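A closer look at the structure
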Amino acid sequence: MAAILAKKLGMTQRFLEDGRVERVTVLEAGPCPVTAIRTVERDGYEAVQLAFSPCKEKSLTKAQLGHLKKADASAHRHLAEFRDEAGELLVGQTVTVESFSAGDRVKVSGRSKGKGFQGTIKRHNFKSGPKSHGSHNIRAPGSVGASATPSRVFKGLRGPGRMGGGRITQRGLTVVEVMAGQNLLLVRGAVPGPRGATVEVRSDA
């Protein structure tokens, strides 16, 4: 099983034995109890469902509590399914950060930071206009449609709008260090989301 739920704590750096400095993201990964196993015969696909982030029972609905009690798991705030990662796991077992080791290639999925309503320069990397004296079109996108034909702006044209806040998967990351005693996973590079966000860590073989 090479998949786990984690909480993004922030970024720092680690000095390796050869003197190199690694910029790493610190993830508090697991422990995650297994709350369900999906099979092809019953569900049409194979997956394992993990729970993360213990919380008070009053924070969940009766349906959520009933589902967790079937797996003999306490109240947890987040549930997520990982396809094709069930392996030999059974309901009631616990997945820990020890499933990973230093040097493993992983991919991390999460919800990116929301940027709000942004213009085309920040949202789509448009080039800015001339900044010389008398210019009135410095950060505007320019002409986006004809006057007579078709007399409208085509759908899907890049323009200003809401930016960020979507699901992002960062691939090609490497595990630098596993701190099993503290349930910490140190990953080289940046992962999606703000500090405190819940992310999904999978092997990227």
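Below is a short write-up of the structure. Computed from a predicted model, the values in this text were never measured in an experiment.

It is worth spelling out the packing of aromatic side chains at this point. Here the structure, examined in full by the defined rule, presents zero aromatic pairs. The cationic tip of Arg-83 hangs over the ring face of Tyr-45; the distance from NZ or CZ to the ring centre is 4.2 Å.

Our next topic: the pattern of salt bridges. Scanning all chains against the criterion turns up nine salt bridges. When salt bridges that share partners are traced, they join Asp-18, Arg-20, Glu-22 and Arg-188 into one network.

Next up on the list: unusual backbone geometry. Note: most peptide bonds trans; most residues except glycine with negative phi. Going from Thr-149 to Pro-150, the amide bond is cis rather than trans, its omega being 5 degrees. Here Pro-150 shows up in the loop between helix 3 (120-124) and strand 9 (161-164). Even without being glycine, Ser-53 reaches a positive phi, approximately 70 degrees. Assignment of secondary structure puts Ser-53 in strand 4 (residues 47-54). Ser-53 sits in the partly exposed class, given a relative accessible area of 22%. Phi angles above zero are rare outside glycine, and Asp-72 is one such case at about 55 degrees.

With the rule as written, the count across this model stands at zero disulfides. Of all cysteine sulfurs in the structure, the one in Cys-55 sits closest to Cys-32, which takes part in no disulfide; the separation is 13 Å. For Cys-32, a relative accessible area of 0% puts it in the buried group. Take Cys-55: its relative accessible area is 17%, and that puts it in the buried class.

Quick look at the environment of Gly-10 now. Residue placement: Gly-10 occurs in strand 1 (residues 3-15). The spatial distance from the C-alpha of Gly-10 to the C-alpha of Leu-90 is 32 Å, given a sequence separation of 80 residues. Those residues in contact with Gly-10 that lie beyond four places of it in its chain are Val-24, Thr-25, Val-26 and Arg-195.

By the element assignment, Thr-35 lies in strand 3 (residues 32-38). According to the relative accessible area criterion, Thr-35 is buried, its value standing at 5%. In contact with Thr-35, not counting residues within four places along its chain, are Gln-49, Leu-50, Ala-51, His-67, Leu-68, Ala-71, Ala-73, Leu-79 and Val-91. Side-chain polar atoms of Thr-35 contact the side chain of Gln-49, separated by 2.7 Å.

Before going further, it helps to examine the sheet that holds strand 4. Strand order in the open sheet formed by four strands is 5-4-3-6, with antiparallel pairing between adjacent strands. Because the sheet does not close on itself, it has two edges, and the strands there are strand 5 (76-83) and strand 6 (94-95). Sheet analysis places strand 3 next to strand 6, joined by two bridges and oriented antiparallel. In the sheet register, Pro-33 faces strand 6, and the bridge partner there is Thr-94.

The rules behind the values
- Residues numbered from 1 in each chain as written.
- Predicted model: local features only at pLDDT ≥ 70, side-chain atom pairs only at ≥ 80, totals over all residues.
- Heavy atoms only, no water.
- Phe/Tyr/Trp six-rings, centres within 6.5 Å; stacked < 30°, edge-to-face > 60°.
- Lys NZ or Arg CZ within 6 Å of the ring centre and 35° of its normal.
- Salt bridge = Lys/Arg side-chain N within 4 Å of Asp/Glu carboxyl O.
- Helix = DSSP H or I, 4+ residues; strand = E, 2+ residues; numbered from the N terminus.
- Buried < 20%, exposed > 50% of the residue type's maximum accessible area, 1.4 Å probe, protein only.
- Disulfide = S-S within 2.5 Å.
- Contact = heavy atoms within 4.5 Å.
- Polar contact = N/O pair within 3.5 Å; in protein donor to acceptor, adjacent residues only side chain to side chain.
- Pairing = 2+ DSSP bridges.

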